[in-house]
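Structural features, examined
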Amino acid sequence: MHLQNRVTPFGDIVAISQRGMFTGNRGIIHDPSTRTLLRKRWASKAWLVCSCSYKGQHREVMATRSWTELFFLDEAVALAAGHRPCFLCRRPAAEAYRACWAIGTGEAFPSARRIDEVLHAERLDRRAKRLHRVTMLSDLPDGAVIAQGEEAFTLHGGCAYRWTNEGYARPQTLKSAEWLLTPPSTVKALRAGYVPLFHPTIATNSDEQGHA
C-alpha cells in the first residue's frame, strides 16, 4: 500500500509507486496517526523542493506532526506543481533560482516570501491548479511543463517527454499544447538560465531515440 505523497505535474498528490529524485513540502497536511492526508492540500505558501538527503538526517515519512514529506519525479515536475528550491537544504539551487527569477521577471532581488506570494497566485485557482494558456510552444524553455488533455509533458531539447508513473516516456514532437502547467514566473526564471534537474529517463529515452 503506497502512501498518498507523490506529486503530479498538475499538483495533485497521489498514491503511486513512483520513486522520485526530490522531496518537498507545503507545510503539515497529514495525520501522523493514520499517515493519511487531511482534506487541505497546503498549509503554507512556501511550497518547497528539497533534497532527499540532508546532513545524514533520517525521517520516517508522515510519521510525526512535522512537515508532510511529498515526492516528485524530478525538479521540472516540482516546479510545474508550483514549488521552488529550498533555501536550507538546497541553498545553491535556491540562490540560482532567485537570481534567474529576478532577471526573468525584471524585479529587484526578491525575498523568499515575495517569490512565494507570486507563485501562490500563479499555481492556484481557488483549490484547483491554475492553468495558463500556451501562446507559442516554441518559445517555452527546457524544463517547462505543458498539458495536452490529461497528459503532462516536460520540454527538453526540442522534444516533449510525457510524465508517467514510471518516469518519462519516449520523446515526442508536439505542434501545440493547450496549457502551461509551470507558473509563468518560474518559466521566466527558466528562460533566464535556471536549469532544473531532470529524471534520468529523459536522457535514456533521448539516447534510444537517437539510435532508433
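Everything below is about the structure printed above this text.
What counts and what doesn't
- Every chain's residues receive numbers from 1 upward, in the order its sequence appears when written.
- In keeping with the predicted nature of the model, local features appear solely for residues at pLDDT of at least 70, side-chain atom pairs appear and are counted solely at 80 or more, and the whole-chain, interface and lining totals rest on all residues.
- Computation of side-chain values covers all heavy atoms of the structure but excludes hydrogens and water.
- Put simply, DSSP H or I for four residues or longer makes a helix, DSSP E for two residues or longer makes a strand, and each gets a number counted from the N terminus.
- Both definitions apply: the radius of gyration is a C-alpha atom measure, and the globule rule equals 2.2 Å times residues to the power 0.38.
- Buried, partly exposed and exposed residues are distinguished by accessible area as a fraction of the type maximum, computed with a 1.4 Å probe on protein chains only: under 20%, between the cut-offs, and over 50%, respectively.
- Residues count as neighbours in contact if any of their non-hydrogen atoms are within 4.5 Å of one another.
- Computed with a 1.4 Å probe, the accessible areas rest on the Shrake-Rupley method; for each residue, only the protein chains presented here act as cover.
- Asp and Glu are treated as the negative residues and Lys and Arg as the positive ones, with His and the ends of the chain left uncounted.
- The atom standing in for a charge is NZ when the residue is Lys, CZ when it is Arg, CG when it is Asp and CD when it is Glu.
- The term salt bridge refers to a pairing of a side-chain nitrogen on Lys or Arg with a carboxyl oxygen on Asp or Glu at a separation within 4 Å.
- The span expected for a helix works out to 1.5 Å for each residue beyond the first.
- The criterion is simple. A nonpolar core is a set of buried Ala, Val, Leu, Ile, Met, Phe, Trp, Tyr and Cys residues joined through side-chain atoms within 4.5 Å.
- Simply put, an axis is a line fit to the C-alpha atoms, just over the touching stretch for a helix, and the angle between two N-to-C directions goes from 0 to 180 degrees.
- Less than a right angle of anticlockwise turn of the near helix away from the far helix marks a crossing as left-handed, whereas a clockwise turn marks it as right-handed.
- Side-chain classes follow a simple rule in which Ala, Val, Leu, Ile, Met, Phe, Trp, Tyr, Cys and Pro form the nonpolar group, Asp, Glu, Lys and Arg form the charged group, and the remainder, Gly included, forms the polar group.
- A pair of sulfur atoms, both from cysteines and within 2.5 Å, is called a disulfide here.

Now for the overall build of the protein. Summing up its helical and strand segments, the protein has five helices and 16 strands in all. Against the 2.2 N^0.38 benchmark of 17 Å for 212 residues, the protein shows a C-alpha radius of gyration of 17 Å, consistent with a compact globule. For the protein, the residues scored as buried account for 48% of the 212 residues in total. Across the protein, every contact between residues at least 6 apart in sequence was considered, and the portion connecting residues at least 24 apart equals 68%. Put simply, the protein shows about 10,700 Å² of open surface, and 52% of that area lies on carbon and sulfur atoms. Where the 28 positive side-chain charges of the protein centre and where its 20 negative ones centre are 6 Å apart.

Right, let's get into the pattern of salt bridges. Here the structure, examined in full by the defined rule, presents eight salt bridges. Two residues, Arg-84 and Asp-116, come together in a salt bridge whose shortest N-O distance is 2.8 Å. In this pair, Arg-84 is assigned in strand 8 (residues 84-85) and Asp-116 in helix 3 (residues 112-123), connecting sequence segments 32 residues apart. Relative accessible area serves as the criterion here: at 5%, Arg-84 is assigned to the buried category. For Glu-95, the salt bridge identified is with Arg-98, shortest N-O distance 3.0 Å. In this pair, Glu-95 and Arg-98 both sit in helix 2 (residues 91-105), three residues apart, roughly one turn of the helix.

Taking 1.5 Å of rise per residue, the twelve residues of helix 3 would be expected to cover 16 Å, and the 16 Å separating its terminal C-alpha atoms lies within 8% of that figure. Within helix 3, burial applies to Ile-115, Asp-116, Val-118, Leu-119, His-120, Glu-122 and Arg-123. Those residues of helix 3 that are buried lie in contact with strand 8, helix 2, strand 9 (124-125), strand 10 (128-129), strand 11 (132-133) and helix 4 (184-191).

Right, let's talk about the nonpolar core for a bit. In a soluble, globular protein the nonpolar side chains are often hidden away together inside. Of all hydrophobic cores here, the largest spans 22 residues; its most connected members are Tyr-97, Leu-140 and Ile-146. Looking at this core, the elements that each hand over two or more residues are helix 2, helix 3, strand 13 (151-156) and helix 4. The element best represented in this core is helix 2, accounting for four residues. Those residues in contact with Ile-146 that lie beyond four places of it in its chain are Val-134, Leu-137, Leu-140, Glu-151, Ala-152, Phe-153, Leu-155, Leu-174, Ala-177, Trp-179, Leu-180 and Leu-181. Ranked by size, the runner-up nonpolar core spans 14 residues in total, among them Ile-16, Trp-163, Tyr-168 and Phe-198.

Moving on, we get to the packing of helix 2 against helix 3. Two elements in contact, helix 2 and helix 3, have axes whose closest approach is 11 Å; the angle formed by their N-to-C orientations is 65 degrees. As helix 2 runs across helix 3, the sense of the crossing is left-handed. On helix 3, the residues that touch Tyr-97, Arg-98 and Trp-101 of helix 2 are Ala-112, Arg-114, Ile-115, Val-118 and Leu-119. Per-class residue counts for the contact of helix 2 with helix 3 are six nonpolar, no polar and two charged.

Here the focus is the state of the cysteines. Counted by the stated rule, this structure contains zero disulfides. The structure places no disulfide on Cys-50, whose sulfur is separated from the nearest cysteine sulfur, that of Cys-89, by 3.9 Å. For Cys-89, which is in no disulfide, the shortest distance to another cysteine sulfur is to Cys-86 and amounts to 3.8 Å.

So, on to unusual backbone geometry. We note that Arg-35 has phi near 55 degrees; this positive angle belongs to a residue other than glycine. Topologically, Arg-35 is positioned in the loop between strand 4 (30-31) and strand 5 (36-37). Unusually for a residue other than glycine, Met-62 sits at a positive phi of about 55 degrees. Within the secondary structure, Met-62 is located in the loop between strand 6 (48-50) and strand 7 (70-72).

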